[in-house]
Amino acid sequence: MSEIKKEWPLWEVFIRSKQGLSHKHVGSLRAADAKMAIENARDVYTRRSEGISIWVVESVNVHASNPTEQGPMFEPSDDKVYRHPTFYEVPEGVGHM
Amino acid sequence: MFNFVAMQVENDVKQMEEQFQAKIDADIRIEPRDWMPEKYRKTLIRQMSQHAHSEVVGMLPEANWITRAPSLRRKVALLAKVQDEAGHGLYLYSACETLGADREETIDDLHSGKAKYSSIFNYPTITWADIGAIGWLVDGAAIVNQVALQKTSYGPYARAMVKICKEESFHQRQGYEIITVLANGTPAQKAMAQDALNRWWWPSLMMFGPTDADSPNTQQSMAWRIKRHTNDELRQMFIDATVKQAEVAGLTIPDKDLKWNEERGHYDFGEIDWEEFYNVIKGNGPCNKQRIEARRKAKEEGMWVREAAMAYAEKQKSKVKAA
Ligand SMILES: [Fe+2]
Ligand SMILES: [Fe+2]
């Protein structure tokens, strides 16, 4: 038998607050498996009808961008004004476009 | 050569510290993986874990009355409140983990006495009115502190505070309702409410910690915006808000020096017994031993459940793999 881990793994919790909205990260918790993580998430994060759907992801499976590379990572989009509608001119009188 | 490298590193750290402080000054939140001074991380872990421990230990004096609540209405309210506090503990332990603190170690530090928790929870709940006084005063004081912390500089801490504050609002109201109903009841019930106020008032004021003159770390914590107000400022806010509530309930705050100061625009109040405060912090309050013992027992006696759940989870996982 494999050795039992000391602590239950950590899970990130995502809640959909209502139909039509996406799941949003609300926090984390520890649980032995996914089923328990969902049950625990219901018990702490949806105590006042905050959600209708829960996702849990084991924290070790979340891969993130590096905050120290925030500049090189995201700056390239800062000078691309032509990606926004206001960059383009339309004659007066066409109304809303 | 070595010295040159060391100097270079020192300069880099200094520069990063300056950038960090500039972010704080601009009210930009710090997130878990951002660079931060080691002392900022340590101070935060200490403050957040103390806060977490207080939520968890705080369940004990109130849980004492769940089975003896005088009506079903009171019982469901108290049960829901105590469950909320367990959640608050969880949010805060999770926030500590985002800074690399080990959950189990954090909890063991509480059990070994290395970590502190709010001194207020070392007082006993000897009558039902104490449950009212705790909700009204203890949660009331906690709310003043936590509302301020919603703007704290560390993202996960601030977000936990926003959620906690939403949940806290009913805690104080249910406590105040208990107190006002007793205060308007029979003379014996009114006396019970007054007695609870007499015993919980001063310890509630101590919850904000030592006076500013005696809290040397406040300045750094304010600069880092880990704290947004000093202990004395928060204490004054709480007193100013609570005096009227006592009046409406028809109860007397046990402080003969309590008086509105027109010039300051605040209530003046009497001297806090700091000797008592430090004594309770040191472990000599009426219930310190009992509280830690209860926490330790819960951890030890729940061990087999946690192990069994983990063993079951691993077994299920290997079954899925085999299939
Ligand atoms: Fe709480
Ligand atoms: Fe509370």
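See above for the structure.
In this report, we go over the structure that sits alongside the text. What you see is a predicted model, and the numbers here were worked out from it, not measured in a lab. (Residues numbered from 1 in each chain as written. Chains lettered and ligands numbered in written order. Predicted model: local features only at pLDDT ≥ 70, side-chain atom pairs only at ≥ 80, totals over all residues. Heavy atoms only, no water.)

For chain A, the helix and strand inventory stands at 2 helices and 3 strands. Starting at the N terminus and walking to the C terminus, you meet the elements of chain A as β-β-α-β-α. For 97 residues, the compact-globule estimate of 2.2 N^0.38 gives 13 Å, and chain A exceeds it by more than 25% at 22 Å. Projected onto its principal axes, the C-alpha positions of chain A cover 75 × 35 × 20 Å. Across the 97 residues that make up chain A, the buried fraction comes to 26%. For chain A, long-range pairs separated by at least 24 residues make up 42% of all intrachain contacts whose partners lie at least 6 apart in sequence. For chain A, the exposed surface amounts to about 7,500 Å²; the carbon and sulfur share of it is 55%. Side-chain charges of chain A comprise 12 positive and 14 negative groups, with the mean position of each set lying 10 Å from the other. (Helix = DSSP H or I, 4+ residues; strand = E, 2+ residues; numbered from the N terminus. Rg over C-alpha atoms; globule rule 2.2 N^0.38 Å. Buried < 20%, exposed > 50% of the residue type's maximum accessible area, 1.4 Å probe, protein only. Contact = heavy atoms within 4.5 Å. Areas by Shrake-Rupley, 256 points an atom, 1.4 Å probe, with all protein chains shown as cover. Lys, Arg positive; Asp, Glu negative; His and termini not counted. Charge placed at Lys NZ, Arg CZ, Asp CG, Glu CD.)

All names here are of chain B. Those protein atoms acting as donors to the iron ion (ligand 1) are Glu 55 (OE), Glu 85 (OE), His 88 (ND1) and Glu 168 (OE), and they sit at 2.1 to 2.3 Å. Relative to the metal, the 4 donor atoms surrounding the iron ion (ligand 1) lie at angles of 81 to 158°, and the coordination shape comes out irregular. Each donor residue of the iron ion (ligand 1) lies on one chain, and together they are spaced E-x29-E-x2-H-x79-E. What makes His 88 buried here is its relative accessible area of 0%. (Donors = N, O, S within 2.8 Å, 3.2 Å for Na, K, Ca; no water. Tetrahedral: all angles 85-135°; square planar, octahedral: opposite > 155°, others 65-115°.)

Turning our eyes to something else, we now look at the packing of aromatic side chains. Given two aromatic rings, one states the distance between the centres and the angle between the planes to describe the pair. Applying the stated criterion to the full structure yields 14 aromatic pairs over all chains. Relative to Phe 87 of chain A, the ring of Tyr 82 of chain A lies with its centre 6.3 Å away and its plane at 70°, an arrangement referred to as edge-to-face. What makes Tyr 82 of chain A partly exposed here is its relative accessible area of 43%. For Phe 87 of chain A, a relative accessible area of 45% corresponds to the partly exposed category. Joined through ring pairs, the aromatic side chains of Phe 20, Trp 35, Tyr 40 and Trp 224 of chain B make up one cluster. Sitting above the plane of the Trp 65 of chain B ring, Arg 68 of chain B keeps its charged end 4.0 Å from the centroid. (Phe/Tyr/Trp six-rings, centres within 6.5 Å; stacked < 30°, edge-to-face > 60°. Lys NZ or Arg CZ within 6 Å of the ring centre and 35° of its normal.)

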